[in-house]
Every structure is written in C-alpha cells, then in structure tokens.
Amino acid sequence: MKKKEPEQRKKAVKAEKREQAMIEGILEGSPDGIGVVVVRLDCGCRKMAAIAKDGEPASKVIMYRDLAESICDICKKDNGAFMRVTESFIHWVDPPPSEEDQEKIYRKVLGSSPTH
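Residues numbered from 1 in each chain as written. Predicted model: local features only at pLDDT ≥ 70, side-chain atom pairs only at ≥ 80, totals over all residues. Heavy atoms only, no water.

Considering the sheet that holds strand β3 (residues 62-65)
The cut-off we apply is this: Only when DSSP finds a minimum of two bridges between them are two strands counted as paired. Secondary structure elements follow DSSP: runs of H or I no shorter than four residues count as helices, runs of E no shorter than two count as strands, and numbering proceeds from the N terminus. To obtain each axis, a line is fitted to C-alpha atoms, and for helices this fit is confined to the stretch in contact; angles are then taken between N-to-C directions over 0 to 180 degrees. Contacts were defined at the residue level, with two residues in contact if any of their heavy atoms lie within 4.5 Å.
If you trace the 4 strands from one edge of the open sheet to the other, you get β3-β2-β1-β4, paired in antiparallel fashion. Among the strands making up the open sheet, the edge pair consists of β3 and β4 (85-92). When strand polarity is set aside, the average angle formed by the axes of neighbouring strands in this sheet is 20°. Against the sheet, helix α2 (residues 17-28) contacts β1 (35-41), β2 (45-51), β3 and β4, and its axis sits at roughly 35° relative to β2. Packing of helix α4 (residues 99-110) onto the sheet brings it into contact with β1, β2 and β4, and relative to β4 it is tilted by some 145°.

Focus: the layout of surface pockets
To keep things clear, this is the line we draw: Grid spacing is 1 Å over the protein atoms alone, the probe is 1.4 Å, and a cavity is where that probe fits but cannot get out, while a pocket is an open set with protein on both sides within 12 Å along at least five of seven lines and lining residues have an atom within 4 Å of a point. Grid points are joined across faces, edges and corners, and a volume is the space filled by probe spheres set on the points. Residue polarity follows a fixed list, in which Ala, Val, Leu, Ile, Met, Phe, Trp, Tyr, Cys and Pro are nonpolar, Asp, Glu, Lys and Arg are charged, and the others, Gly among them, are polar.
There is about 410 Å³ of room inside the largest pocket. Considering the residues around the largest pocket, the lining is formed by 20 residues, among which Val37, Val39, Val61, Val109 and Leu110 are closest to the centre. Taken together, the elements giving at least two residues each to the lining of the largest pocket come down to β1, β2, β4 and α4. A total of 5 residues in the lining of the largest pocket trace back to one element, the largest contributor, which is β2. Here the lining of the largest pocket is composed, by residue class, of 13 nonpolar, 4 polar and 3 charged.

Now the structure itself:
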C-alpha cells in the first residue's frame, strides 16, 4: 500500500491549464524551487508557494482567484483556512525528484494523506 500512495497522488490531481501560468511565474521568481504546492479551496480561491528540495518554502504564499481582482471575502477573513481545502498537490519541475524524495517532501508539506 505504501508504494502506491505516491503514484495515486500523481494521478489524482494535476494543475489545471489556468493554474499553469501562476505556477510558471512562481517558479521563475524562485530559483531554489523544485515544485509548487497548490491548495484549492471550496470558494474557488487558490493558495500556492514554491518549495525547495528540503521541503521548506522557496517563495511567499500567493493567494488568488481566477478571473477576479482579489481573493474572496471568506479568504480575506480566514486566510484560506485548512478546513476549506478541497484539493492539494505538488506540481514538480522537470526532472522531478526521486519518488522517495517526493514522498518525504509531500509528507512534510501536506501531511500523510492526499486531500481530494
């Protein structure tokens, strides 16, 4: 079962086309970044941040909402509370880290089980 978890995570959630530009921009401004954590909230807002090879942040957390000037009022109040997360994953740069390193980083950043 342990071996299948990383594979399930990879296939479970991928970056949407509209998220790609934001991911590219975050990585461009984060030379130490090996991936971007993407957290989708129930309101439609997104939280993203680059991560370094040790699982530590490589950028500030960016919050945005597609086709909107700013994040929603709920996020303004609770800063995108964990309880409202609908999906979260890591978008890795090419070439991605080893499966073992991906798993370590995933657990450090997002916890022991995927959110979807």
